Amino acid sequence: MKSRSRRPDIGLILAASLAAMLVGAGASAAGPGDSDCMACHAEVKPRVVLDVLRGSAHEGLSCTSCHADITAVPHGKPLAVDCGLCHAKEADAWRAGPHAKAGGPGCVDCHGAHDVPKSSDRRSMSSHERQIEACGGCHARLAGGRQWVKMFDESVHGQGVIKQGLNLAPACATCHGAHDVRSLKADDDAKAKREVARLCGSCHEPAYAAFEKSAHYKALSQNVGRAPGCTDCHGEHSIQAPENRSSSVAPESVPATCGRCHADKSLMANFGLPADRLSTYLKSYHGVVLEMGDLRAANCASCHGAHDILPSSDPASRTNPSNLEKTCGKCHPGAGRAFSNIRFHESVSPTGARGAWFVRVFYTIFISLLVAGFLLHIITRLVGWRRTRRKSAAPLGKGMEGGGSHDKS
Ligand code: HEC
Ligand code: HEC
Ligand code: HEC
Ligand code: HEC
Ligand code: HEC
Ligand code: HEC
Ligand code: HEC
Ligand code: HEC
Ligand code: HEC
Ligand code: HEC
Ligand code: HEC
């Protein structure tokens, strides 16, 4: 708030009192009008700029419709304005939410006092850009906020809004609401995870429809809170397209994202599921090749799907024996049945996964021979080259042994 001058301007006060006396008598019946207020507040601090009000969402409202406790002038210390007089729905929601309870922002902090923008104005809170600025700006100053607000700005949703002005992409209030701001924290709460999934699904219908059929969603509907919802795989403020290398669902990151749960021994034991899926994958041909940077190699989602994951015992599962030919065939056209019979998650051994074992043994022997061959080739070439050099440098043809011992020194 602006500091007021300690020594009051006598002239202004006199003028203001005179104005008040002049308008006071006529105004008392209907209460003071705007011109009564402006007679002082155009000049006396705190000053009011009438044009600000006239350009706002509230143009047309009188001063006393908001400053309702001022029924006569001159006035005493007025009460704070209650926006809920006219916006009861928003005010009730706000009172029930964490902002009112935790001493967070009130109406004026987000909307302004006299300069409340019209909804057509880009500075209005209904504009996505403004929310990212206002909500994000304040939250970045709270404990731990800086990092995730930055993540949101850089996310596919934040960039959609900031860079492309995309109002289809969600801003803060799209997900959290504006007045009763829900935290959406799910932790291990299956019901909350289903609600967030529905929220994401309101825009991402195909992903949601597929997810609803999955083993993961089935577990959520049976109140298994540790089954994944959308944000367990995608993050909430850091969501990126799978093509973005920093995404948690980029091909090279999928194994770690699934592995966070599927390599957790105590969690998997609860469901009678093996906890070696990540380790066996990482040792498999695909795992090794992916780690080396070949993004075409199969990751967990290439074989299991991402959203419609089902147990392999389910005939509709991509990993059901009857569907493997198709699943592998996506990348190994004409691979055929025998190829698809390779047991994937078994440690590679002649009894476990014979095909993979043969492949590995073949490659190991083949590559070893290849490397040995190359080395032999290089050595014989070097020796040969030196021989011919010596011969031309020493026409009388000294013995090779002497040259050899010289080299050793
Ligand atoms: C006679 C001159 C005069 C008139 C007329 C007048 N005011 Fe004021 N008003 C003042 C002065 C002087 C102050 C500063 C008081 C202070 O700093 O304690 C003030 C302060 C205020 C404040 C700020 C209070 C605060 O807590 O900072 C509001 C709001 C206000 N007036 C509204 C109105 C409205 C609405 C009208 C018309 C209904 C009106 N005033 C008419 C002289 C006037
Ligand atoms: C839409 C409601 C609304 C209308 C209409 C409105 N005001 Fe206000 N006014 C506020 C709010 C909100 C504040 C911030 C302080 C508070 O919360 O009470 C405020 C603050 C003020 C202040 C103190 C400003 C300061 O800088 O401390 C004055 C003076 C004032 N109003 C006068 C007026 C006058 C004169 C009019 C009519 C020309 C008017 N107001 C119309 C809502 C309104
Ligand atoms: C944390 C910031 C914040 C606070 C605090 C807040 N609002 Fe809002 N308000 C918003 C946002 C954001 C929107 C846009 C709603 C949307 O897009 O869903 C909005 C929308 C509105 C609207 C409808 C405008 C429109 O564009 O349709 C009104 C009216 C409103 N708020 C009044 C209030 C009142 C009254 C209070 C105090 C009780 C308040 N707001 C407190 C952020 C806030
Ligand atoms: C005397 C009743 C009244 C009071 C008090 C009041 N408003 Fe409003 N407000 C309105 C009216 C009327 C509109 C215009 C409605 C419309 O265009 O749909 C409006 C519009 C708005 C809008 C914009 C809606 C839009 O479509 O963009 C916001 C935001 C808003 N008010 C916030 C506030 C805030 C914040 C306060 C308190 C500082 C407040 N209002 C106090 C009556 C009031
Ligand atoms: C003026 C600062 C400020 C603004 C602006 C602001 N907030 Fe807040 N917000 C707070 C404070 C303070 C808290 C309570 C302390 C806390 O939980 O971190 C809070 C709490 C929250 C919470 C609950 C967090 C929890 O853990 O329960 C959510 C969600 C939230 N704000 C979302 C928003 C959204 C959405 C907007 C914009 C529409 C917004 N905030 C604008 C300061 C702000
Ligand atoms: C796509 C939906 C979405 C958008 C957009 C979004 N959030 Fe969130 N936000 C979430 C979810 C989901 C959680 C719960 C995370 C969890 O489970 O811990 C969350 C958590 C929070 C929390 C509480 C947890 C914490 O880390 O402190 C705050 C505060 C918050 N968001 C504010 C914001 C603000 C401010 C913006 C805009 C800059 C925003 N959110 C944008 C979905 C979203
Ligand atoms: C209001 C609608 C809306 C909501 C709600 C929403 N999104 Fe989005 N999402 C979008 C839009 C629009 C894009 C595309 C942005 C772009 O391309 O710039 C997008 C992009 C994405 C992408 C990248 C998609 C791709 O193919 O590149 C992912 C992943 C994503 N969202 C996941 C989520 C998740 C998870 C949630 C819930 C926490 C969520 N979204 C909530 C609208 C939404
Ligand atoms: C078990 C982890 C997981 C869960 C849960 C999950 N996703 Fe995904 N999502 C992925 C993976 C992995 C990709 C990468 C694309 C692929 O490999 O098919 C992806 C891709 C996406 C895309 C990009 C376009 C597409 O459809 O391929 C969107 C949008 C998306 N997910 C939204 C969602 C939404 C919305 C939810 C919740 C209803 C959700 N995801 C739940 C793992 C998951
Ligand atoms: C947040 C933890 C979590 C994440 C992340 C996760 N899962 Fe799961 N998954 C589970 C739990 C828990 C179950 C057991 C559900 C049940 O059976 O009730 C499960 C079940 C499965 C099943 C079905 C097993 C069966 O036979 O019932 C498969 C297949 C599966 N997940 C694969 C994946 C893949 C692939 C990914 C990554 C794209 C992934 N999961 C990510 C926790 C997770
Ligand atoms: C090349 C394809 C392929 C890849 C890559 C793959 N899987 Fe599998 N996965 C399968 C097949 C086929 C089965 C069923 C037969 C078996 O158990 O070996 C299976 C079985 C499973 C099961 C046991 C439940 C069931 O449905 O039978 C889980 C859990 C699982 N995989 C998770 C993962 C995870 C996590 C990853 C990534 C770290 C992954 N898988 C990578 C093909 C694959
Ligand atoms: C997303 C694509 C993709 C899927 C799906 C996929 N693979 Fe592969 N696979 C690859 C790539 C890429 C290589 C490496 C090929 C190379 O280096 O020439 C590879 C290599 C292999 C190899 C070793 C090299 C060879 O060509 O013999 C075997 C065995 C193999 N895959 C089996 C399978 C089986 C079985 C399935 C189904 C359960 C499967 N793959 C599904 C992409 C995939």
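In the block above lies the structure referred to throughout.
I will try to describe carefully the structure that is included in this document.

### Some details on the coordination of the iron atom of ligand 7
Logical step 1: In this structure, H157 (NE2) and H204 (NE2) serve as the protein donors to the iron atom of ligand 7, at separations of 2.0 Å.
Logical step 2: What the six donor atoms of the iron atom of ligand 7 show is an angle range of 87 to 178 degrees at the metal, which sorts the shape as octahedral. Here H157, found in helix α10 (residues 156-162), pairs with H204, found in the loop between α12 (190-201) and α13 (205-212); they are 47 residues apart in sequence, far enough to count as distant.
Logical step 3: Judged by relative accessible area, which is 43%, H204 ranks as partly exposed.

### Details of the environment of S202
Logical step 1: Counting through the fold element by element, S202 comes out in the loop between α12 and α13.
Logical step 2: Its relative accessible area of 48% is what places S202 among the partly exposed residues.

### Concerning the coordination of the iron atom of ligand 5
Logical step 1: Taken together, the protein ligands of the iron atom of ligand 5 are H99 (NE2) and H139 (NE2), with distances of 2.0 Å.
Logical step 2: Taken together, the six donor atoms coordinating the iron atom of ligand 5 and their angles of 85 to 179 degrees define a geometry best described as octahedral. Here H99, found in helix α6 (residues 98-101), pairs with H139, found in helix α8 (residues 128-139); they are 40 residues apart in sequence, far enough to count as distant.
Logical step 3: Overall, the relative accessible area of 19% leaves H99 in the buried class.

### Section: the pattern of salt bridges
Logical step 1: With the rule as written, the count across this model stands at 15 salt bridges.
Logical step 2: The salt bridge partner of R226 is D264, with a shortest N-O separation of 3.5 Å. Of this pair, R226 sits in the loop between α14 (215-221) and α15 (230-234) while D264 sits in the loop between α16 (254-262) and α17 (265-270); the two residues are 38 residues apart in sequence, bridging distant segments of the chain.
Logical step 3: For R226, a relative accessible area of 41% puts it in the partly exposed group.
Logical step 4: On the basis of relative accessible area, D264 is assigned to the partly exposed category, the value being 22%.
Logical step 5: R277 is the salt-bridge partner of D276, the closest N and O atoms lying 3.1 Å from each other.
Logical step 6: Assessed through its relative accessible area of 28%, D276 is described here as partly exposed.
Logical step 7: One network of salt bridges, with partners in common, ties together K193, D232 and R260.

### Considerations on the packing of α12 against α13
Logical step 1: Running from N to C, α12 and α13 point in directions that differ by 145 degrees, and their axes come no closer than 8 Å. Across from A197, R198 and G201 in α12, the residues of α13 making contact are E205, Y208 and F211.
Logical step 2: Looking at the contact of α12 with α13 residue by residue, the classes come out as three nonpolar, one polar and two charged.

### Some words on the site of ligand 11
Logical step 1: Surrounding ligand 11, one finds 14 residues, the nearest of these being H286, C328, C331, H332 and F339.
Logical step 2: Measuring from a nitrogen atom of ligand 11, one finds a side-chain N or O atom of H286 at 2.7 Å.
Logical step 3: H332 has a polar side-chain atom sitting 2.8 Å from a nitrogen atom of ligand 11.
Logical step 4: Only α19 (285-291) and α21 (324-329) provide two or more residues apiece to the shell around ligand 11.
Logical step 5: Broken down by element, the residue count for the shell around ligand 11 peaks at three residues, all from α21.

### Examining the packing of aromatic side chains
Logical step 1: One pass over the structure, following the stated rule, counts one aromatic pair.
Logical step 2: With a centroid separation of 5.6 Å and an interplanar angle of 75 degrees, the aromatic rings of F211 and Y217 are classed as edge-to-face. Here the two residues F211 and Y217 agree in accessibility, since each one is buried.

### Considerations on the site of ligand 7
Logical step 1: Not every one of the 19 residues close to ligand 7 is listed here, only the nearest: H157, C200, C203, H204 and A241.
Logical step 2: Within the side chain of H157, an N or O atom sits 2.8 Å from a nitrogen atom of ligand 7.
Logical step 3: Residues belonging to the shell around ligand 7 are distributed by class as follows: eleven nonpolar, eight polar and no charged.

### So, the nonpolar core
Logical step 1: Core analysis: the largest hydrophobic core is formed by nine residues, namely A190, A197, Y208, F211, Y217, A219, L220, V224 and A227.
Logical step 2: At the level of elements, α12, α13 and α14 are the ones that each hand at least two residues to this core.
Logical step 3: Counting residues per element, this core draws most heavily on α14, which supplies three residues.
Logical step 4: Residues within four places of A227 in sequence aside, it is in contact with K193, H216, A219, L220 and D232.
Logical step 5: In terms of nonpolar packing, the next biggest core, distinct from the first, is built from five residues, F152, V161, A169 and A171 among them.

### Observations regarding the environment of A42
Logical step 1: Along the chain, A42 turns up in the loop between α2 (34-41) and α3 (50-54).
Logical step 2: A42 has contacts with R47 and V48, leaving out every residue within four places of it along the chain.

Conventions adopted
Going along each chain's sequence as written, the residues are numbered from 1 onward. The lettering of chains begins at A and the numbering of ligands begins at 1, in the order of writing. Predicted model: local features are reported for residues with pLDDT of at least 70 only, side-chain atom pairs are reported and counted for 80 or more only, and whole-chain, interface and lining totals are derived from all residues. Just so you know, side-chain values use all the structure's heavy atoms and leave hydrogens and water out. Coordination here is defined by N, O and S atoms within 2.8 Å of the metal (3.2 Å for Na, K and Ca), and since water is not considered, a site can look incomplete. For a four-donor site, all angles between 85 and 135 degrees give tetrahedral; for four or six donors, opposite pairs above 155 degrees with the remaining angles between 65 and 115 give square planar or octahedral; all remaining cases count as irregular. In DSSP terms, a helix is any run of H or I states spanning at least four residues, a strand is any run of E spanning at least two, and both are numbered starting from the N terminus. The buried label goes to any residue with under 20% of its type's maximum accessible area, the exposed label to any with over 50%, and the partly exposed label to all in between, with areas taken from a 1.4 Å probe on protein chains only. By convention in these notes, a salt bridge is any Lys or Arg side-chain nitrogen within 4 Å of a carboxyl oxygen on Asp or Glu. Here an axis means a line fitted to C-alpha atoms, over the contact stretch when the element is a helix, while the angle between two N-to-C directions is reported on a 0 to 180 degree scale. The contact criterion used is simple: two residues touch if any of their non-hydrogen atoms lie within 4.5 Å. Each residue is assigned to one class: nonpolar for Ala, Val, Leu, Ile, Met, Phe, Trp, Tyr, Cys and Pro, charged for Asp, Glu, Lys and Arg, and polar for all the others, Gly among them. Here a residue counts as near a molecule or strand whenever at least one of its heavy atoms sits within 4 Å of it. Polar contact is defined as a pair of N or O atoms within 3.5 Å, subject to the rule that within protein one atom must be able to donate a hydrogen and the other to accept it, and that residues adjacent in sequence are counted only when both atoms are side-chain atoms. Two aromatic rings from Phe, Tyr or Trp, using only the six-membered ring of Trp, form a pair when their centres are within 6.5 Å; if the ring planes differ by under 30 degrees the pair is stacked, by over 60 it is edge-to-face, and anything between is tilted. As used here, the term nonpolar core means buried Ala, Val, Leu, Ile, Met, Phe, Trp, Tyr and Cys residues forming a set that is joined through side-chain atoms within 4.5 Å.

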